[in-house]
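Coordinate inspection notes
One letter stands for each residue in the lines below.
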Amino acid sequence: MSHALFSRTIFGTHVQANSISVRATKSHIPHRLPEDSKSKGTSLSSQQHGFWFRSHSNKMRACRQRRLMQCVASQEGENIHVPTLPPTPPNPEMLRTIAVNGEVVVTVAETTAIVVEAIQRQQTAPTASAALGRCLTSALLLSSFRGEGEQIQITFNGSGPLGTMNVISNFEGHVRGYVCNPGAEVPLREDGQLDVGSGVGRSGTLSVVRSMPGLPPYTGTVAITTGEVAEDIATYIRDSEQVATALGVGVAVGGPVPGTLCSAAGGFLVQVLPLVSPETLDNLEHNMQTLPPMSTLLQQGVSLAQITDMLLEGIGASPGAQTMTPLYGPCETELLRPRMLRAISAIPPPEINEILEESGHIEVKCEFCQEAVQFEREDLKQLLLD
């Protein structure tokens, strides 16, 4: 079954709808596992870097059951029937356009492939897939096309069974995220849609950290009020950053073809510049109120340029729109290793030595990418010398 999910906020008014964990018995390390985590044994964590450390001399954490999508051929006599394979999602894309009158900036994103990769890496159940997809798309819209080195981290600490949801995105369109309890589920809403609000929780806190080179990070925190992700992020922008912004995201989990993880995902961000005219505001509000859900538009094959024109109808889009190809990650081993080494450096050398003597290596796992890397003594030689 396909569940089309859509949430939109118009200028703050609702219209519709890196973590370090050390896998060793070293109690002095000042990181605490979130209360909603289901890890067993001695595991310590914080919400900063997104890595797991594991010493193989201790009992390994029980791995979550992996749901593998398989294509099975059935034979009737001499005929073999192969089920239709899920469609390949379109390439991720982002488009940033300035209105002809210079009063509005519109950014739209196609993120289906990114959400599919996140679901595959995190092995999320449908409600968690929808929530994470919305947060990934929102983070991309807020961080892309900004100054070099800028980054945003969005953390939902809600009261729902999904637990903490953490997403990081940067100016280059690189985004990654995870949910603490990816397999958690809640009953469907009365209208048959996934209940993301109950999954995230309708109380708790939403924290947004903006990082810019040469400046201290700016952190804003607001109360979660709906749990629908986009509405809460738009509330943060209105109350904390005090910017007139409309944010809409749509994630369709599943699809008509068996094995489809996400049939459409995307969103838009409309930012109003100072001294905007009343006529422009009237046009924007009318356009957004009549705009179909993003997931529906993308499923129908409507392009990002056409969606932009729909949002700017009666105003006009200027030529020369900026484009970007976002991606999930980075998750390449050669890019993860330096970050992992920096995380290992937080452990005192005597403790590193003790772990190496017990197990011969240290394994580090990125919670965002679900990729594990083993470090031998030779790899850690410089750290031990320092």
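All values reported here derive from a predicted model rather than from experimental measurement.

Brief notes about the overall build of the protein
Of the regular secondary structure elements, the protein holds ten helices and 19 strands. Put simply, the protein has 386 residues, and 52% of those count as buried. Taken as a whole, the protein presents about 17500 Å² of accessible surface, with 52% of it coming from carbon and sulfur.

What to know about the nonpolar core
Most often, soluble globular proteins keep nonpolar side chains buried together rather than apart. Ile154, Phe156, Met165, Val200, Leu206, Val229 and Ile233 are the most contacted members of the largest nonpolar core, which has 66 residues in total. In this structure valine 229 touches Ala131, Arg134, Cys135, Ser138, Phe156, Met165, Val196 and Val200, once residues within four positions along its chain are discounted.

Structural notes on the confidence of the model for the protein
With 78% of its residues at a pLDDT of at least 70, the protein reaches an overall mean of 81. Ranking the elements of the protein by mean pLDDT puts strand E3 (residues 19-23) last, at 29, and strand E7 (residues 93-98) first, at 98. The low-confidence segment residues 1-49 (pLDDT under 50) makes 176 contacts with residues lying over four places distant or belonging to another chain.

Considerations on the environment of isoleucine 315
In this fold, isoleucine 315 is placed in the loop between helix H7 (304-311) and strand E16 (322-324). Using a relative accessible area of 15% as the deciding quantity, one classes isoleucine 315 as buried. Along the chain, isoleucine 315 and leucine 284 lie 31 residues apart, while their C-alpha atoms are 8.4 Å from each other. If near-sequence neighbours (up to four positions away) are discounted, isoleucine 315 is found in contact with Ala99, Val100, Asn101, Thr280, Asn283 and Leu284.

What to know about the pattern of salt bridges
Considering all chains together, one arrives at nine salt bridges under this definition. Where glutamate 371 meets arginine 121, a salt bridge forms, and the shortest distance between an N and an O atom there is 3.0 Å. Of this pair, glutamate 371 sits in strand E19 (residues 371-376) while arginine 121 is found in helix H1 (residues 112-122), placing the two residues 250 residues apart along the sequence. Residue glutamate 371 is classed as partly exposed on the basis of its relative accessible area of 31%. Here arginine 146 and glutamate 150 are joined by a salt bridge, their closest N and O atoms 3.0 Å apart.

Focus: the sheet that holds strand E10 (residues 164-170)
The strand order across the open sheet built from six strands is E13-E12-E9-E10-E11-E17, with neighbouring strands paired in mixed fashion. Two strands close off the open sheet at either side, each with one partner strand: strand E13 (218-223) and strand E17 (327-328). Bridge count between strand E9 (residues 151-158) and E10: seven bridges; the pairing is antiparallel. Within E10, the position partnered with glutamine 153 by the bridge is isoleucine 168. Contacts between helix H2 (residues 126-143) and the sheet are confined to E9, E10, strand E11 (174-179), strand E12 (204-211) and E17, with E10 contributing the most and set at about 30° to the helix.

Concerning the pairing of strand E8 (residues 104-110)
Each regular strand carries side chains that alternate between the two faces of the sheet. Among the seven residues in E8, seven count as buried, and that is most of the element. The alternating pattern of E8 places Val104, Val106, Val108 and Glu110 on one face and Val105, Thr107 and Ala109 on the opposite face, and all of these are buried. The sheet contact formed by E7 and E8 spans six bridges and is antiparallel. In the strand pairing of E8, arginine 96 is matched with threonine 107. From the end of E7 to the start of E8, which pair antiparallel, there are five residues, and glycine 102 there has a positive phi angle of about 70°. Across seven bridges, E8 lies against strand E15 (residues 262-272) in antiparallel orientation. Paired with glutamate 110 across the strands is glycine 266, a residue of E15.

Analysis parameters
Residues numbered from 1 in each chain as written. Predicted model: local features only at pLDDT ≥ 70, side-chain atom pairs only at ≥ 80, totals over all residues. Heavy atoms only, no water. Helix = DSSP H or I, 4+ residues; strand = E, 2+ residues; numbered from the N terminus. Buried < 20%, exposed > 50% of the residue type's maximum accessible area, 1.4 Å probe, protein only. Areas by Shrake-Rupley, 256 points an atom, 1.4 Å probe, with all protein chains shown as cover. Core = buried A, V, L, I, M, F, W, Y, C linked by side-chain atoms within 4.5 Å. Contact = heavy atoms within 4.5 Å. pLDDT = per-residue confidence, 0-100. Salt bridge = Lys/Arg side-chain N within 4 Å of Asp/Glu carboxyl O. Pairing = 2+ DSSP bridges. Axes fitted to C-alpha atoms, helices over the stretch in contact; angles between N-to-C directions.

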